[in-house]
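Each chain, written out:
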Amino acid sequence: PGMAREFFGALAGALAVTFAGVATSAAGAGPAAGGFAAAIAAGAVLLAGLYLARGRSGTVLEITGAAAALCGTAVAAQSTPWLAGTLTALVPVTAVAALQPQRRVRYGSAAGVLALCAVWAWLAAGHVEVVEAYTAPAAAAALAVGILMWRNGPGRSWLTLGPALVLAIGPTMLIGMVDDDLPRLISATAMSLAAVIGGAGRRLQAPLILGAGALLILAIDQWGDEIVRMPRWITVGVAGVLLMWIGATFERRRQNWRRASEVLGGFG
C-alpha cells in the first residue's frame, strides 16, 4: 500500500503539471507560456510534498515537483521573457520551501541561484548588452553568500570573498584591456586598489593578493609596450643593477621574504 500510494501520488502530481502546461499552450498562449504554467504547477506540487504529505510519499512528491519544475523551465526557455518570468516565479516557491529546517540550505541556495538567473534573463529580455549588468548581480550574490558563510563560522577569505572579487574585477579588467576601454580600465583599477587597501586593513589574503595581482596585470598591459620599445642597453643595465642589488642583499631579502610570508599566512 505504501508503494502504491507513493506511485499514485507522483503520478497525480505529474499529471497536474502536464495538464497545466498543455491547457495553457492549447489556449493559444504558446509553448513557452505552457512551460511557465507547468513550472508554477510543479512548484505547487513541490510545496504540497513538503507541507501536506508525510514520510516517503512527501519526499516522492517533492522530487516529482522539482523535476517537473526543471522541465517546465526548459520549455519556457524558448522565449526569454517567459523564461525570466518562470525563474522569477520560482524564487518565492523555493524561499517558502527553505522555511523547512531540513531543507534550508538546499532551497535557500536554489532561491539565490534562481534570483540571479532571473535578473540575467530579464536583462537579456531587455537586450541589455553591458557586461557589468550581468557580472555585478553575480558578484553581489557571491558576496552575500560569502558574508553568510563568514557569520556561520570563521572562514578563509578565498572562499568567502574570492569569487565575488573575481566576478567584480575580472570581466571588467579583461574587456577594458582587450578593447582599450578607458572607463573600464579606470573602474578595474579603482576596484583593485580598494581591494588591496581593504585586504591590508582587514588582514585578508584574497582581497590583498587578487587586488595586487590585478593592479600588476593592468600596469603591464598599459606600460609593457613602452618598456619593450626602450633601448636595449637601458633594460639590460636596469636588469643588471637589479640583479647585483639582489645578490648583495640576498640574506636580508630572504629574511624579509620569510617574515612577509609569515605575516601573510596569518591573514584570514
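Along every chain, residues carry numbers that run from 1 in the direction the sequence is written. Local features are withheld for residues below a pLDDT of 70 in this predicted model, meaning they are given only at 70 or higher, and side-chain atom pairs are given and counted only at 80 or more; totals for whole chains, interfaces and linings count all residues. Hydrogens and water molecules were not included; the side-chain quantities draw on all heavy atoms of the structure.

Participant: Residue-level account of the overall build of the chain, with values.
Facilitator: Helix numbers and strand numbers start at the N terminus; a helix is a DSSP run of H or I with at least 4 residues, a strand a run of E with at least 2. Within the chain, the regular secondary structure consists of twelve helices and zero strands. For the chain, the α and β elements follow one another from N to C terminus as α-α-α-α-α-α-α-α-α-α-α-α. What makes two residues a contact is simply this: any of their non-hydrogen atoms within 4.5 Å. Long-range pairs, those at least 24 residues apart, make up 59% of the contacts in the chain with a sequence separation of at least 6. Of the roughly 16,100 Å² of accessible surface on the chain, 73% is carried by carbon and sulfur atoms. Method for areas: the Shrake-Rupley scheme with a 1.4 Å probe, in which residue coverage is limited to the protein chains shown.

Participant: Pulling in residues and values, what's your account of unusual backbone geometry?
Facilitator: Of note, the phi angle at His-127 is positive, near 60 degrees, even though the residue is not glycine. Checked against the element boundaries, His-127 lands in the loop between helix H5 (104-125) and helix H6 (132-152). A positive phi angle is found at Arg-203, which is not glycine, with a value near 60 degrees. Assignment of secondary structure puts Arg-203 in the loop between helix H9 (182-202) and helix H10 (205-229). Residue Arg-203 is classed as partly exposed on the basis of its relative accessible area, which comes to 45%. Per-residue accessibility, obtained with a 1.4 Å probe over protein chains only, is compared with the maximum for each type, and a residue is labelled buried under 20%, exposed over 50%, and partly exposed between these values.

Participant: Outline the nonpolar core, listing residues and values.
Facilitator: By nonpolar core we mean a set of buried residues, namely Ala, Val, Leu, Ile, Met, Phe, Trp, Tyr and Cys, connected to one another through side-chain atoms within 4.5 Å. Counting nine residues, the largest nonpolar core is built from Val-17, Ala-20, Ala-38, Ala-41, Ala-42, Val-45, Leu-61, Ala-68 and Ala-69. Looking at this core, the elements with two or more residues in it are helix H1 (2-29), helix H2 (31-51) and helix H3 (55-76). Sequence-distant contacts of Leu-61, that is, excluding residues within four places in its chain, are made with Gly-9, Ala-10, Val-45, Leu-46, Ala-48 and Gly-49. Ala-84, Leu-87, Leu-90 and Leu-114 belong to the second-largest nonpolar core, a separate cluster that totals seven residues.

Participant: Go over helix H4 (residues 80-97), please, and point to the residues and values.
Facilitator: Multiplying one less than the number of residues by 1.5 Å gives the expected span of a helix. Across its 18 residues, H4 extends 26 Å between first and last C-alpha, which sits within 8% of the 26 Å expected from 1.5 Å per residue. What H4 keeps buried is the set Leu-83, Ala-84, Gly-85, Thr-86, Leu-87, Ala-89, Leu-90, Val-93, Thr-94 and Ala-97. Along its buried surface, H4 packs onto H2, H3 and H5.

Participant: Describe the packing of H2 against H3, listing the residues and the values that go with them.
Facilitator: Direction vectors running N to C along H2 and H3 enclose 165 degrees, while the axes themselves pass 7 Å from each other. On the basis of the axis angle, H2 is roughly antiparallel to H3. As H2 runs across H3, the sense of the crossing is left-handed. Residues Pro-31, Ala-32, Gly-35, Phe-36, Ala-38, Ala-39, Ala-42, Val-45, Leu-46, Ala-48, Gly-49 and Leu-50 of H2 form the contact with H3, whose own contacting residues are Gly-58, Leu-61, Glu-62, Gly-65, Ala-66, Ala-68, Ala-69, Gly-72, Thr-73, Val-75 and Ala-76. Three classes are used: nonpolar for Ala, Val, Leu, Ile, Met, Phe, Trp, Tyr, Cys and Pro, charged for Asp, Glu, Lys and Arg, and polar for all others, with Gly counted as polar. Classifying every residue of the contact of H2 with H3 by side-chain character gives 16 nonpolar, six polar and one charged. Axis geometry follows a simple rule: fit a line to the C-alpha atoms, using only the stretch in contact for helices, then measure angles between N-to-C directions, giving values from 0 to 180 degrees. Any angle from 65 to 115 degrees is called roughly perpendicular, while one under 35 is roughly parallel, one over 145 is roughly antiparallel, and all others are oblique. Note on convention: the crossing is left-handed when the near helix lies turned anticlockwise from the far helix by less than a right angle, right-handed when the turn is clockwise.

Participant: Would you mind going over the pattern of salt bridges in detail, with residue names and values included?
Facilitator: A carboxyl oxygen of Asp or Glu within 4 Å of a side-chain nitrogen of Lys or Arg is what we treat as a salt bridge. Across all of its chains, the model carries four salt bridges by this definition. Between Glu-62 and Arg-106 there is a salt bridge; the shortest N-O distance is 3.7 Å. Of the two residues, Glu-62 is situated in helix H3 and Arg-106 in helix H5; the sequence distance between them amounts to 44 residues. Taking the shortest distance from any N to any O, the salt bridge between Asp-181 and Arg-184 comes out at 2.9 Å.

Participant: Tell me about the environment of Ala-68, residues and numbers included.
Facilitator: Note on placement: Ala-68 falls in helix H3. Note: C-alpha distance between Ala-68 and Gly-13 (55 residues apart in sequence) is 8.9 Å. Apart from residues no more than four positions distant in its own chain, Ala-68 is found in contact with Val-17 and Ala-42.

Participant: Summarise the side chain of Glu-62; cite the residues concerned and give the values.
Facilitator: In this structure Glu-62 comes out as buried when scored by relative accessible area, which is 4%. Among the polar contacts listed, one links the side chain of Glu-62 to the side chain of Arg-103, at a separation of 3.0 Å. For Glu-62, the contacting residues outside a window of four places in its chain are Leu-46, Gly-49, Leu-50, Arg-103, Arg-106 and Tyr-107. Polar contact is defined as a pair of N or O atoms within 3.5 Å, subject to the rule that within protein one atom must be able to donate a hydrogen and the other to accept it, and that residues adjacent in sequence are counted only when both atoms are side-chain atoms.

Participant: Before we move on, can you summarise H9 with the specific residues and values?
Facilitator: Its 21 residues give H9 an end-to-end C-alpha distance of 30 Å, which sits within 8% of 30 Å, the value for a rise of 1.5 Å per residue. Of the positions making up H9, those classed as buried are Arg-184, Leu-185, Ala-188, Ser-192, Ala-195, Val-196 and Gly-199. The arc enclosing the buried residues of H9, seen along the axis, measures out at 105 degrees, which places them on a common side. Facing away from the buried side of H9 by over 90 degrees, the exposed positions are Leu-182, Pro-183, Ile-186, Ile-197, Gly-201 and Arg-202. Following H9 by one or two positions, Arg-203 adopts a phi angle in the positive range, close to 60 degrees. By construction, the arc corresponds to the directions joining the helix axis to the C-beta atoms.

Participant: Explain the confidence of the model for the chain to me, and be specific about the residues and the numbers.
Facilitator: Residues of the chain with pLDDT of at least 70 account for 81%, and the chain-wide mean is 82. Helix H12 (residues 250-265) is the least confidently modelled element of the chain, averaging 56 in pLDDT, while H2 averages 92, the highest of any element. For every residue, the predictor states its confidence as a pLDDT score lying anywhere from 0 to 100.

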